[in-house]
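# Structural overview for review
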Amino acid sequence: MLLTTLIFGLVLGGSYALIALGLSLQYGVARIMNLAYGEVLIASAFAAFVMFSAHGLNPVWSLLLLVPAGYVVSALLYQVMMRPLAARAGGTGGRLEVDSILATFGLLFVIQGVMLAVFGGNYHSYSFMSQGVDVLGRPVAANRLLAFALSVVIGAGLYLWLTRTRLGLSLRAVALSPGSAPLVGLDVNRVARMGFALGGALAVAGGVVISMYQTFSASYGVVFTMKALVIVIMGGVGNLMGALIAGLMLGLIETFVAVYLDPGLTMAATYALFLGVLLWRPQGLFGARAG
């Protein structure tokens, strides 16, 4: 039982870590607190659901199609909706955060309303690679293992790209000091747009991965937004490695609470941990930084 719980906790934690990376980029680089983040995730889960159910398209292929589309749509959203807010804030981070919360709160209901109109309020899922695979003597669904593998590959690839490439270093520089970035020739608006778009692409990736093994509904986006926010705060704002570790921790904690205590206490445990981190170490368990 312990080994099975540990495996399931790591699988769930890997998905959580992938989900949190996108919000960490959007908030850490673009200074946008995107409350519609979970709705983007659920919309991509529905897209993967439709592609598989209606057209028989493997979710992995859906991932390759939807992630670039998510990047483009998020870049357009930033330019049309978020860029005017950033210009109005005039470099005042606090005002931009407040304005972005209000704007994306409205966007949340727009996306959610469209999904409710199209798919209704029922839970949806599809059967994909649901056969069991032996892992250390314990059966684990193949779709969960695939979801974990994809989360690890995407997360590790993103971390290496951010730390080893010029564009990645530009994102980290703007996240650390947006006021000083123009002094070294960086276009803050361009980098912020790229960070926001990359965060949107990661939300889409997280939605497709989650859809492989979980049920979801049109109104479930807020749950993922809150969990991503909890992980970002726990790991440290802008600290991607911290977000990865915090995501794994949260998945393990939720799984152990559900198995050994009560499934109804998982959300309570999540937010109790969140409040504890805020009170004890408000800068996050691993400190706030970029990268």
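In this report, the structure presented in the accompanying data block is examined. Chains are numbered independently. Their residues run from 1 in the order of the written sequence. Per-residue local features are limited, in this predicted model, to residues with pLDDT of at least 70; the limit for side-chain atom pairs, both in listing and counting, is 80 or more; totals at the level of whole chains, interfaces and linings are taken over all residues. The basis for the side-chain values is all heavy atoms of the structure; hydrogens and waters are excluded.

### Remarks on unusual backbone geometry
In the Ramachandran plot, R31 falls in the positive-phi region, its phi being about 60° despite a non-glycine side chain. Helical segments are the DSSP runs of H or I of at least four residues, strand segments are the runs of E of at least two, and each set is numbered from the N terminus. Along the polypeptide, R31 turns up in the loop between helix 1 (2-30) and helix 2 (37-55). Burial classes follow relative accessibility: with a 1.4 Å probe on protein chains only, a residue under 20% of its type's maximum area counts as buried, one over 50% as exposed, and anything between as partly exposed. On the basis of relative accessible area, R31 is assigned to the partly exposed category, the value being 21%.

### Quick word on the pairing of strand 1 (residues 132-135)
The pairing of strand 1 with strand 2 (residues 138-141) spans four bridges and is antiparallel. Paired with D134 across the bridge in strand 2 is P139. Between strand 1 and strand 2, which follow one another and run antiparallel, lie two residues, and L136 among them has a positive phi close to 55°. DSSP calls a pair of strands paired once it identifies at least 2 bridges connecting them.

### A word on the side chain of S62
Mapping S62 onto the fold places it in helix 3 (residues 59-89). Contact definition: two residues touch when any of their heavy atoms are within 4.5 Å. The contacts of S62, once residues within four sequence positions are left out, are A48, M51 and L57.

### Considering the pattern of salt bridges
Throughout this description, the term salt bridge denotes a Lys or Arg side-chain nitrogen within 4 Å of a carboxyl oxygen of Asp or Glu. This structure, assessed with the given rule, holds two salt bridges. Among the salt bridges present, the one from D99 reaches R88, with a minimum N-O distance of 3.1 Å. Of this pair, D99 sits in helix 4 (residues 93-119) while R88 is found in helix 3, placing the two residues eleven residues apart along the sequence. Judged by relative accessible area, D99 falls into the buried class, the value being 13%. Linking K227 and E254 is a salt bridge whose minimum nitrogen-to-oxygen distance equals 3.3 Å. Here E254 lies in helix 9 (residues 240-260) and K227 lies in helix 8 (residues 221-235), a separation of 27 residues in the sequence. Judged on exposure class, the residue K227 and its partner E254 are both buried.

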